[in-house]
Amino acid sequence: MLVQLLVVIAGMSVLSWMIMPAGMNVDTAWHTFSSGYMLAQSESIRYEMRNEYVSEDGQRVTFNGYGNVPYPRTLHFDHHDIIIELGGGRLVEK
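This text gives an overview of the structure that appears in the document. Only a predicted model underlies this, so the values are computations on that prediction, with no experimental measurement involved.

Overview of the pairing of strand 4 (residues 81-84)
In summary, the side chains of a regular strand alternate between the two faces of the sheet. By the alternation rule, side chains of strand 4 split into I82 and I84, which are all buried, and D81 and I83, of which none is buried. Here 4 bridges tie strand 3 (residues 73-76) to strand 4, and the two strands are oriented antiparallel to one another. Bridge assignment links L75 to a residue of strand 4, and that residue is I82. Where strand 3 folds back on strand 4, the antiparallel hairpin that results is connected by 4 residues. Taken together, the 3 bridges between strand 4 and strand 5 (residues 91-93) define a ladder with antiparallel strand orientation. In the strand pairing of strand 5, I83 is matched with V92. Linking two consecutive strands that pair antiparallel, namely strand 4 and strand 5, is a turn of 6 residues; a positive phi of about 90° is found at G87 within it.

As structure tokens, then:
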């Protein structure tokens, strides 16, 4: 009885291991956007100068010397929206 249970669990594990990666399409563009965005904003604050961040897909965001953005925006990725708030430039994922 225990051997049968172990065989069934092993079989299900192998099947799930084979099926799961095929159905998963991971979108990482919004992750890389937020990390590059934060770096550009930090550099703008550190050096007290205007800075611009351009993502891999051509999205442009400009910061002033305080790290603030001049206007709010919503950037659209496959399954995520990132809202850039006016002023402090905080990112909100939707």
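Some details on the nonpolar core
Listed in full, the 12 residues of the largest apolar core are F33, Y37, A40, Y53, V61, F63, V69, L75, F77, I82, I84 and L91. Elements supplying a minimum of two residues to this core: helix 2 (29-47), strand 2 (60-63) and strand 4. For this core, the element with the highest residue contribution is helix 2, accounting for 3 residues. Setting aside its immediate chain neighbours within four residues, A40 contacts N51, Y53 and F63.

So, empty space enclosed by the protein
Summed over all chains, the structure comprises 1 cavity of 30 Å³ or more. Its volume calculated, the largest cavity comes out at about 40 Å³. Surrounding the largest cavity, R60, V61, T62, V69, P70, Y71, R73 and I84 form its lining. Considering each element in turn, the lining of the largest cavity owes the most residues, 3 residues, to strand 2. Residue classes in the lining of the largest cavity are distributed as 5 nonpolar, 1 polar and 2 charged.

Topic: the side chain of Q59
Note on placement: Q59 falls in the loop between strand 1 (51-54) and strand 2. Of note is the side chain of Q59, whose polar atom sits 3.3 Å from the side chain of R73. Ignoring any residue separated from it by four or fewer positions in sequence, one finds Q59 in contact with F33, Y53, V54, R73, L75 and H76.

Thoughts on the environment of I45
Within the fold, I45 resides in helix 2. Note: C-alpha distance between I45 and N64 (19 residues apart in sequence) is 8.1 Å.

The rules behind these values
Residues numbered from 1 in each chain as written. Predicted model: local features only at pLDDT ≥ 70, side-chain atom pairs only at ≥ 80, totals over all residues. Heavy atoms only, no water. Buried < 20%, exposed > 50% of the residue type's maximum accessible area, 1.4 Å probe, protein only. Helix = DSSP H or I, 4+ residues; strand = E, 2+ residues; numbered from the N terminus. Pairing = 2+ DSSP bridges. Core = buried A, V, L, I, M, F, W, Y, C linked by side-chain atoms within 4.5 Å. Contact = heavy atoms within 4.5 Å. 1 Å grid on protein atoms, 1.4 Å probe; cavity = no way out; pocket = protein on both sides within 12 Å on 5 of 7 lines; lining within 4 Å. Points joined across faces, edges and corners; volume = space filled by probe spheres on them. Nonpolar A, V, L, I, M, F, W, Y, C, P; charged D, E, K, R; others polar. Polar contact = N/O pair within 3.5 Å; in protein donor to acceptor, adjacent residues only side chain to side chain.

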